[in-house]
Amino acid sequence: MRKAFILVLVLLSSACGRQETKLHDTQLLVMGTLVNVSIWDGDDDVAAVATAGVEQRLREMHRDLHAWQPGPLTRVNEALAAGKSAPVSEEAAMLIRRGSELSRQSGGLFNPAIGDLIALWGFHNDDGPHGPPPDAASVRALLAKAPAMSDLHIEDGSLRSENPAVQLDFGGFAKGYAVDEAVRILREHHLNNAIVNAGGDLRAVGRHGDRPWRIGIRDPRGPGVIASVEVEGDESVFTSGDYERYFEYEGKRYHHIIDPRSGFPAVGSSSVTTISKEAIVADASATALFVAGPDAWVRTAKAMGIDQAMLIDDKGKVYMTPAMAKRIHFEVDPPPPIEVVAP
Amino acid sequence: MNPTEPSEASSPIIVMTTRDDHRIAWLAALAIVIHVAEAAIPSPMPGVKPGLANVITVAVFIEFGWRTAAWVSLLRVLVGSLVIGSFLTPGFALSLTGAAVSVAVLGLIRLWPGPSLSPLGVCMLSSLSHMAGQFSAAYLLFIPHPGMLTLLPVLMTLAAVFGLVSGVITSLLLASLHGRVANSE
Amino acid sequence: MTASAIPYRSIAGALRPTPGDIAVALLTVVLLVGLYLHFWSGVGGEGERARIVSADNGVQIVPLNEDRTLTLHGPLGDSVIEIHDGRIRFIESPCQGKQCIHAGWLHSAGSFAACLPNRISITVLGRNRHFDSINY
């Protein structure tokens, strides 16, 4: 009996006890989105300096890699369209190589060469597109030119394309690269417990004190969180959803993830979440698996070396790999229909 | 006054009762009367009562020890709630937790080896712990809304004020009791 | 310890505090001051605030115990956020899906709603955040 009383007192005192917060949480408004840098257990000054370093780096990348605001990448695209070769920075060259590799692995479902198609749909616009959708003939005309990353060649810092229809748009993996860069900068400052979340896509390293980081995954069709995963060590969690950017026209919804095969918004998926170490890989693969859809996502995941992935189809059914099923925890009651598919 | 009279008159079952039982029954009855009377006083906030029944619990604790005080307190909450009609309601759960925590603290006071406390100190601790217990029950069981926590400092302040008042009353009560006992000897 | 340990000689003497009483009084004062500092310091206390992040207005922390309506400007236009009774929600938004409005009232720590097209997000803050980061 007395033990029970003491328990009540302990409960009460722990309810009153102040918990030291060791979390440095900073919001940055860069790259046209909200970037959240959370650092656990770092020195105040180091955290501030590192976060400022991240902000500066992301601003540079935004300037250099922007697909439509005039800058280095638009100049490269102009040259490619004119059939000329263009000098590229080491960083741009590296991104083009990685983008080509990821595009090849995905069987072309992830294709950063279709900038013209994205522009045709009106997604090269900060305010988001307003419709109407482009007519099927102009979409077909662009598809016929078959722009692909394999058309590109880099020699001595100079980029040329066999196909003048190639227009680079790093939208499918620039965010991943930016998150990787941010984490690299934090680590240079010996901050080894942190999350960088850029507009909902994140890489988490280390732990939140004595527990792993807890990540909530947004429900594509409802408010709040559908599931959660615990992350520790070094992993990136990326989600591509049809709710992120879209427009409605005459009652039909057109989202921003364009299927390079059809030239129209990919059908069948409402969101795809992938987990891998590098954010750039998680970002590109989330896009590729979304385009692949409920029937082909497993093959694409395997080809891209992704063993943890979840796809929610347009009817709310959840598909996932066994490795994802093992660690994910559904936060909705009742849980949605789930099918585990081995790659 | 014959203390055996009520039980014989009201019940055909003959129960062997000790002097302790009678003492507990009478003191609990007194506490219950105060408990019920207090329930009739309009309160600005639920859970805020002068806690005059505390006077009886603390006086019993000092005069007759912790065991008797625990019984009186428990009986007060049980029977008092039956009389008011709040048995097994949230209000009852709050009263019971408050009483339980307060009795537990009295137990700790009994075990405390440091300087002794007068009824003032005992009532203060008893009142604060009663409120703390009641509040944690309310927060943990019924309304785990963070907004509740902002009420806690105010409630505890009121508990301290009422603890002081009941401490003064208990001190005077005990002193006059002892005075009368001394005079009659 | 029973009655015999505590002497009562007179009514006046009965109200004289013992050293133990004084210790209790001091502890009570410390407790109360601590409670006020802990639960009343800062605006609204823990779990009673929300962080609103918007591309145009930056980051702001708002208390949820003051009822009010905020209008925030985003790339698409004005989003209106209402705070009432310790809760917060989107009530107007220029976006097309209105997912932010359908998210409804948010009150528990870690709850989250966002209008991505208009680049505005709301997160309810609290001591025990359920999630460290939200993936969307």
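Further up the page is the structure itself.
A few points on the structure. These numbers were taken from a predicted model, which means no experiment stands behind them.

Once that is clear, we can look at the overall build of chain A. A tally of helices and strands in chain A yields nine helices and 17 strands. Looking at chain A as shown, the accessible area adds up to about 14,900 Å², and 52% of this sits on carbon and sulfur atoms.

For the rest of this paragraph, the subject is the sheet that holds strand 3 (residues 68-73) of chain C. Residues and elements named next belong to chain C. Across the sheet, which stays open at both edges, the three strands sit in the order 3-4-5 with antiparallel pairing between neighbours. The open sheet has two edge strands, strand 3 and strand 5 (87-92), and neither has a second partner. Shown here is a sheet whose adjacent strand axes are inclined to one another by a mean of 25°, direction ignored. Two elements, strand 4 (residues 78-84) and strand 5, share five bridges in a ladder whose sense is antiparallel. Across the sheet, the residue bridging to Ile-83 is Ile-88, located in strand 5.

Turning next to the sheet that holds strand 3 (residues 86-87) of chain A. Residues and elements named next belong to chain A. Strand order across the open sheet formed by three strands is 3-5-4, with antiparallel pairing between neighbours. At either margin of the open sheet sits one strand with a lone partner, and together these are strand 3 and strand 4 (152-155). As judged from the four bridges shared by strand 4 and strand 5 (residues 158-161), these two strands associate in the antiparallel manner. Bridging across to strand 5, His-153 finds its partner in Arg-160. Contacts from helix 3 (residues 72-81) reach strand 3, strand 4 and strand 5 within the one sheet, and its direction differs from that of strand 5 by about 45°.

Tallied over the full model, the rule gives 25 salt bridges over all chains. Taken together, the shared-partner salt bridges in this structure form one network comprising Arg-57, Glu-60, Glu-91, Glu-181, Arg-184 and Glu-188 of chain A.

On to the interface of chain C and chain A, then. On the chain A side, the residues contacting the 33 residues of chain C number 46 residues. With both sides pooled, the region where chain C packs onto chain A buries about 3,300 Å², and carbon together with sulfur makes up 47% of that total. Area buried by chain C at its contact with chain A is led by Asp-132, Asn-135 and Tyr-136 of chain C, which between them contribute 24% of it. A salt bridge links Asp-132 of chain C to Arg-211 of chain A; the nearest nitrogen and oxygen atoms lie 2.9 Å apart. Scanning the region where chain C abuts chain A turns up 13 residue pairs in polar contact (both at pLDDT 80 or more). For the side of chain C that touches chain A, the secondary-structure elements that each account for two or more residues are helix 2 (19-40), strand 1 (49-54), strand 2 (58-63), helix 3 (99-102), strand 6 (112-115) and strand 8 (133-135) of chain C. Taken together, the residues of the side of chain C that touches chain A break down into 14 nonpolar, 13 polar and six charged.

What follows deals with the packing of aromatic side chains. Residues and elements named next belong to chain A. Using the criterion set out here, one finds nine aromatic pairs over all chains in the structure. Relative to Phe-247, the ring of Trp-121 has its centre 6.4 Å away and its plane inclined at 40°; by these criteria the two rings are tilted. Note that Trp-121 is positioned in the loop between helix 5 (115-120) and helix 6 (136-144) and Phe-247 in strand 11 (residues 246-249), a separation of 126 residues in sequence. Note on Trp-121: relative accessible area 2%, which makes it buried. Judged by centre distance (6.1 Å) and plane angle (40°), the ring pair of Phe-123 and Phe-247 falls under tilted. Residue Phe-123 is found in the loop between helix 5 and helix 6, and its partner Phe-247 is found in strand 11; the two are separated by 124 residues along the sequence. Comparing Phe-123 with Phe-247 shows no difference in burial state: the two are buried. One cation-aromatic arrangement involves Arg-218 over Tyr-243; the distance from NZ or CZ to the ring centre is 4.4 Å. A cation over a ring is seen here: Arg-253 above Tyr-246, with NZ or CZ 4.0 Å from the ring centre.

Moving on, we get to the nonpolar core. Within the largest apolar cluster, 71 residues are counted, with the highest numbers of intra-cluster contacts made by Leu-168, Phe-170, Leu-186 and Trp-297 of chain A. Taken domain by domain, the makeup of this core includes at least three residues from each of domain 1 (23-60 + 183-340) and domain 2 (68-168) of chain A. When sequence neighbours within four positions are dropped, the list of residues in contact with Trp-297 of chain A reads Leu-289, Ala-292, Ala-309, Leu-311, Tyr-319, Met-320, Thr-321 and Val-341 of chain A. Counting residues in hydrophobic clusters, the runner-up holds 43 residues, among them Phe-61, Val-103, Leu-128 and Ala-132 of chain B.

Here is what the cut-offs are and how they apply
- Residues numbered from 1 in each chain as written.
- Chains lettered and ligands numbered in written order.
- Predicted model: local features only at pLDDT ≥ 70, side-chain atom pairs only at ≥ 80, totals over all residues.
- Heavy atoms only, no water.
- Helix = DSSP H or I, 4+ residues; strand = E, 2+ residues; numbered from the N terminus.
- Areas by Shrake-Rupley, 256 points an atom, 1.4 Å probe, with all protein chains shown as cover.
- Pairing = 2+ DSSP bridges.
- Axes fitted to C-alpha atoms, helices over the stretch in contact; angles between N-to-C directions.
- Contact = heavy atoms within 4.5 Å.
- Salt bridge = Lys/Arg side-chain N within 4 Å of Asp/Glu carboxyl O.
- Buried area = accessible area lost by both parts, 1.4 Å probe.
- Polar contact = N/O pair within 3.5 Å; in protein donor to acceptor, adjacent residues only side chain to side chain.
- Nonpolar A, V, L, I, M, F, W, Y, C, P; charged D, E, K, R; others polar.
- Phe/Tyr/Trp six-rings, centres within 6.5 Å; stacked < 30°, edge-to-face > 60°.
- Buried < 20%, exposed > 50% of the residue type's maximum accessible area, 1.4 Å probe, protein only.
- Lys NZ or Arg CZ within 6 Å of the ring centre and 35° of its normal.
- Core = buried A, V, L, I, M, F, W, Y, C linked by side-chain atoms within 4.5 Å.
- Domains from an automatic or database assignment.

As far as function goes, none of this settles anything; it's purely spatial.
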